[in-house]
Amino acid sequence: MNQWKNFSKGFFKENAIFSLLLGMCPTLGVTSSAENGLGMGLATTFVLVMANLVVSVVKDFIPDKVRIPAFILIIATFVTIVEMIMQAYVPALFESLGLFIPLIVVNCLVLGRAEAFASKNNVFSSIIDGAGMGLGFAMALTMLGSIREILGSGKIFGITLYPEDYGMLVFVLAPGAFIALGYLIALINRLKKA
Amino acid sequence: MSYFIIIISAIFVNNVVLAQFLGICPFLGVSKKISTGIGMTGAVTFVMVIATIFTYFIQKLVLVPFGITYLQTISFILVIASLVQLVEIVLKKVSPPLYQALGVFLPLITTNCAILGVAIMTVSKNYNLVEAVVFSAATAIGFGVALVSFAGIREQLDLVDLPKGMQGAPIALVIAGILALAFMGFAGLV
């Protein structure tokens, strides 16, 4: 298989958020700023790559009937590792992402890739697939986070673009997440058709 | 009085879907019709309360005494996944009508992050057992309120002529946003 195609499909054609609508909870929950979106995206990428790696290595030893619980266990292990690393090295980000870090376990994107790709393909293409899907997810989260941060508080990655008083506060709050993502997907649908 | 505050807060003010973004997948996935929305709410309520009770005891009797709280995520998700299977088997045997009504929704619930989210929140908020049960039931009802009202709007939406790019997911998300805006009106109630 063409590895470049395998890697790049996660960014546009099969992007987890824009085309597959997987992993919506963290997408909406943590993207109140670009930095949070990027942090969450990279944490998910790490879990995705490692889980894909392990799943594709052990796929021949796992009986078919218990494969889903086994995959969940593998994913949960890496989520715990990410949780501990983030708590130790980036405590501020850990605080602001909060509940959504343990919830990477139930991100359908991670389990979906383990089931649909890593359990059928070799180790190398599984890693590439995990990296592509993960970075595509991170890109989408960062985009949504940037849009919400620019519209909501006039900043991007904490750098002020215009005074905060002119920002539309609603975009930082919960409703803004739904509305911003809705219009972003609509825009991408439109661009795809053109 | 404190139970009342927990209930109002979980249903309206901190609505699990519209304010905390948990359980978005079923919220978008099974909200095409009111009847399926009600079925899903029943299944979620059932599993959420049972899962919260189980994980409460695991946290108090196993994880804390043995000093292995870092295994929280792994143990909780395993308990929830096996619990869903168990509930399915028991329901099939004990109450076939209830199984008929909820059966198709049960497998979907394992990946519903609201279940794991509520289990973890119960621990981090230091609730006792009764508070935990009240909190999880109220959260599930809040999920139901959001899901059923959203499904009601979406049923009407089928009749609307939309621009091509907005059809499907985008318009559903924008509607959810407006619903979330309405629920923000409850802020400051407790």
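Here the structure is shown first, and the text comes after it.
Let us look at the structure shown here. (Residues numbered from 1 in each chain as written. Chains lettered and ligands numbered in written order. Predicted model: local features only at pLDDT ≥ 70, side-chain atom pairs only at ≥ 80, totals over all residues. Heavy atoms only, no water.)

## Concerning the overall build of chain A
Part 1 of the argument: Across its full length, chain A holds eight helices and two strands.
Part 2 of the argument: Secondary structure of chain A in N-to-C order comes out as α-α-α-α-α-α-α-β-β-α.
Part 3 of the argument: Its C-alpha atoms give chain A a radius of gyration of 17 Å, near enough to 16 Å, the size a compact globule of 194 residues would have.
Part 4 of the argument: Here the C-alpha coordinates of chain A stretch approximately 60 × 45 × 25 Å along the principal axes.
Part 5 of the argument: The buried share of chain A, taken over its 194 residues, is 52%. (Helix = DSSP H or I, 4+ residues; strand = E, 2+ residues; numbered from the N terminus. Rg over C-alpha atoms; globule rule 2.2 N^0.38 Å. Buried < 20%, exposed > 50% of the residue type's maximum accessible area, 1.4 Å probe, protein only.)

## Some words on a nonpolar patch on the surface
Residues and elements named next belong to chain A.
Part 1 of the argument: Together, Leu38, Leu42, Leu135, Phe157 and Ile159 line one region of the surface with nonpolar side chains, adding up to about 430 Å² of accessible area.
Part 2 of the argument: Note on placement: Leu135 falls in helix 7 (residues 123–153).
Part 3 of the argument: Since its relative accessible area comes to 32%, Leu135 is described here as partly exposed. (Patch = residues over 30% accessible without salt bridge, like charges linked within 9 Å, V, L, I, M, F, W, Y side chains within 5 Å. Areas by Shrake-Rupley, 256 points an atom, 1.4 Å probe, with all protein chains shown as cover. Salt bridge = Lys/Arg side-chain N within 4 Å of Asp/Glu carboxyl O.)

## With respect to the pattern of salt bridges
All names here are of chain A.
Part 1 of the argument: Counted by the stated rule, this structure contains four salt bridges over all chains.
Part 2 of the argument: Its salt-bridge partner being Asp129, residue Lys9 comes within 2.7 Å of it at the nearest N-O pair. Remark: Asp129 occurs in helix 7 and Lys9 occurs in the loop between helix 1 (3–8) and helix 2 (24–29); sequence separation between them is 120 residues.
Part 3 of the argument: Look at Asp129 and you get buried, because its relative accessible area is 0%.
Part 4 of the argument: Close ionic contact of Asp129 with Arg113 constitutes a salt bridge, the shortest N to O distance being 2.9 Å. Taken as a pair, Asp129 in helix 7 and Arg113 in helix 6 (residues 108–118) lie far apart in primary sequence, 16 residues in all.
Part 5 of the argument: Judged by relative accessible area, Arg113 falls into the buried class, the value being 9%.
Part 6 of the argument: Connected through salt bridges with shared partners, the residues Lys9, Arg113 and Asp129 form a single ionic network.

## What about the interface of chain B and chain A?
Many analyses report the size of an interface as the accessible area lost when the parts associate.
Part 1 of the argument: Across the contact, 33 residues belong to chain B and 34 residues belong to chain A.
Part 2 of the argument: Carbon and sulfur atoms make up 87% of the area that chain B and chain A hide from each other, which totals about 2900 Å².
Part 3 of the argument: Counting the surface chain B buries against chain A, the share from its top three residues, Phe21(B), Thr73(B) and Leu173(B), is 21%.
Part 4 of the argument: Counting every contact that joins chain B to chain A gives zero salt bridges.
Part 5 of the argument: Between the two partners, chain B and chain A, sit one residue pair in polar contact (both at pLDDT 80 or more).
Part 6 of the argument: Listed by contribution, the elements that provide at least two residues to the side of chain B that touches chain A are helix 2 (24–29), helix 4 (72–94), helix 7 (113–124) and helix 9 (169–183) of chain B.
Part 7 of the argument: Residue composition of the side of chain B that touches chain A, grouped by class: 25 nonpolar, eight polar and no charged. (Contact = heavy atoms within 4.5 Å. Buried area = accessible area lost by both parts, 1.4 Å probe. Polar contact = N/O pair within 3.5 Å; in protein donor to acceptor, adjacent residues only side chain to side chain. Nonpolar A, V, L, I, M, F, W, Y, C, P; charged D, E, K, R; others polar.)

## Things to note about the packing of aromatic side chains
Part 1 of the argument: Taken as a whole, this structure holds eight aromatic pairs over all chains when the rule is applied.
Part 2 of the argument: Ring plane angle 65° and centroid distance 5.6 Å describe the contact between Phe183(B) and Phe186(B), whose orientation is recorded as edge-to-face.
Part 3 of the argument: Ring-pair connections join several aromatic residues into one group, and the members of that group are Trp4(A), Phe7(A) and Phe11(A). (Phe/Tyr/Trp six-rings, centres within 6.5 Å; stacked < 30°, edge-to-face > 60°.)

## Some points on the packing of helix 7 of chain A against helix 8 (residues 174–193) of chain A
All names here are of chain A.
Part 1 of the argument: Where helix 7 contacts helix 8, the axes come no closer than 10 Å and their chain directions differ by 120°. Viewed along their axes, helix 7 and helix 8 adopt a mutual orientation that is oblique. In this structure, helix 7 crosses over helix 8, and the sense of that crossing is right-handed. On the side of helix 7, the interface is formed by Met143, Leu144, Ile147 and Arg148, while helix 8 contributes Gly176, Ala177, Ala180, Leu181 and Leu184. (Axes fitted to C-alpha atoms, helices over the stretch in contact; angles between N-to-C directions. Parallel < 35°, antiparallel > 145°, perpendicular 65-115°, else oblique. Left-handed = near helix turned anticlockwise from the far one by under 90°.)

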